[in-house]
Amino acid sequence: MAVLPVGARSRLTERYHAARDRQAGPRQEGSAARAGGTPQDRMAGRFVLAPARTIPDRISVGGERMSSTDIEQAAQADPFAALAEVFAGRRALVLEDDPALAEHVSDRLLRAGFEAVDCVDAGEQALSAAAIHAYDILILDRLTKGLDGLETLKRLRTSSGPSSDAPALMLTALTGERQRVEGLLGGADDYLSKPIGDEELLARIAAQLRRVARRARPANADLINGPFRLSPGARTLKLMIEGAERLIDLSPLEFAIVSELMTARGQPVTKTMLWDRCWVEWTFLPDNFVNIIDARISALRRRLKEQAPELGEDLHPLIVSARSQSLIFRDLDAA
């Protein structure tokens, strides 16, 4: 797989996003009116993106024709751009009583590819919306007027509405261990601290959508990525070359890292997510956690290269960085 120079990556990424924004047409400012939709949508403060963002084979950007190959290369250069396909057609519910933050989150989700984002500032409104619409993701603040986010989620989980099983992310300033445990036991699938970067938020949402998709697959089903076969049940990683299989020797922590990254199917996993899911014996996030992860990833890259030399220099390292704080296991099926 060819690696693009850094300058080319940034230029292609800029052209990719410019193409998407141009294809989507001019964006209106304001709250509900900005997103279009029916009068009922606008009265409820719902953001509905129109028209749908579809990218034809070739797009003119600033007088320059951008081919589908250019778009694909841009997505490879910036893996977060590829999340647009994951988010396409999705609908989110945001419970947040800070108008500026609600606007930022909804705008970021729409720009990332979501079809619609419904914003409410009270738990009662969230319950009413969830009783009508089937949401793909719920993003809930805990401290809101009326019903708080935690009580709202508890009632939603016991309801029979179309969003009762939707994955839920708590996004809150209540970040103590007791509050995190309360949130997770109350039905949240993830618990995020304010403030949070856009990169982390999008990656966490993508991870929850992947988990929903995995529910439809048999438990502990093997995951194939090019010549690799990962078996979650047996906790093994095997390399299949010319009809022969051999075991890749990994420590339990190394297997957990590879499993988390391969399960993402070429999508970025932030280092915070990796720490939460692989360094499970830690009960806090140390200040030097990034250094700890970087050292382990560096050693794991060398280990994989030593045990899979047949893949060649073009595909190593198998684990690559995405932006500054995310990692990806190469999608070898697309290589």
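Here the structure is shown first, and the text comes after it.
Computed from a predicted structure; not experimentally measured.

J.: How should the packing of helix 11 (residues 252–263) against helix 12 (residues 271–278) be read in this particular structure?
T.: Two quantities define a packed helix pair, namely the angle between the helix axes and the distance between the axes. Direction vectors running N to C along helix 11 and helix 12 enclose 130°, while the axes themselves pass 10 Å from each other. In terms of orientation, helix 11 lies oblique with respect to helix 12. Note that helix 11 runs across helix 12; the crossing there is right-handed. Here L253, A256, I257, E260 and L261 of helix 11 come into contact with helix 12, specifically with L274, R277 and C278. Split by residue class, the contact of helix 11 with helix 12 holds six nonpolar, no polar and two charged.

J.: What is the right way to look at the pairing of strand 8 (residues 190–193) in this model?
T.: Remark: a regular strand shows side chains that alternate across the two faces of the sheet. Two elements, strand 7 (residues 168–172) and strand 8, share four bridges in a ladder whose sense is parallel. Its bridge partner lying in strand 8, M170 is registered against Y191. Taken together, strand 7, helix 9 (residues 177–185) and strand 8 constitute a β-α-β crossover, and its handedness is right-handed.

J.: I tried to follow the packing of aromatic side chains on my own but got confused; where do I start?
T.: For any pair of aromatic rings, the description rests on two quantities: the centre-to-centre distance and the angle between the ring planes. Applying the stated criterion across every chain yields a total of six aromatic pairs. A centroid spacing of 6.0 Å and a plane angle of 85° characterise the contact between F228 and F329, whose relative ring orientation is edge-to-face. Taken as a pair, F228 in strand 10 (residues 228–231) and F329 in strand 15 (residues 326–329) lie far apart in primary sequence, 101 residues in all. The buried category is assigned to F329, whose relative accessible area is 1%. Chaining the aromatic ring pairs together yields one cluster made of W275, W279, W282, F284 and F289.

J.: How do you make sense of helix 6 (residues 99–112) when you look at a structure like this?
T.: Note: α-helices contain 3.6 residues per turn, so residues at a spacing of three or four share the same orientation. For helix 6, built from 14 residues, the straight-helix expectation of 20 Å at 1.5 Å per residue is met to within 8% by its first-to-last C-alpha distance of 20 Å. Taken residue by residue, helix 6 has A102, V105, S106, L109, L110 and A112 as its buried positions. An end-on view of helix 6 places all buried positions within 165° of arc, on one side of the element. With a side-chain oxygen lying 3.1 Å from the backbone nitrogen of A100, the N-terminal cap of helix 6 falls on D98.

J.: Even after reading the chapter, I still don't get the sheet that holds strand 15, so can you show me in this structure?
T.: Pairing between sheet strands relies on hydrogen bonds along the backbone, with the strands arranged either parallel or antiparallel. Spatial strand order, 13-15-14: three strands in an open sheet with antiparallel pairing. What marks the edges here is a single partner per strand, and that holds for strand 13 (269–270) and strand 14 (319–322). Pairing geometry for strand 14 and strand 15, over four bridges, is antiparallel. Residue pairing for strand 15: I319 is matched across the bridge by F329.

Rules behind the numbers
- Residues numbered from 1 in each chain as written.
- Predicted model: local features only at pLDDT ≥ 70, side-chain atom pairs only at ≥ 80, totals over all residues.
- Heavy atoms only, no water.
- Axes fitted to C-alpha atoms, helices over the stretch in contact; angles between N-to-C directions.
- Helix = DSSP H or I, 4+ residues; strand = E, 2+ residues; numbered from the N terminus.
- Parallel < 35°, antiparallel > 145°, perpendicular 65-115°, else oblique.
- Left-handed = near helix turned anticlockwise from the far one by under 90°.
- Contact = heavy atoms within 4.5 Å.
- Nonpolar A, V, L, I, M, F, W, Y, C, P; charged D, E, K, R; others polar.
- Pairing = 2+ DSSP bridges.
- Right-handed = clockwise from strand over helix to strand, strands pointing away.
- Phe/Tyr/Trp six-rings, centres within 6.5 Å; stacked < 30°, edge-to-face > 60°.
- Buried < 20%, exposed > 50% of the residue type's maximum accessible area, 1.4 Å probe, protein only.
- Expected span 1.5 Å × (residues − 1).
- Arc of directions from axis to C-beta.
- Polar contact = N/O pair within 3.5 Å; in protein donor to acceptor, adjacent residues only side chain to side chain.

Coordinates in, geometry out; function isn't part of it.
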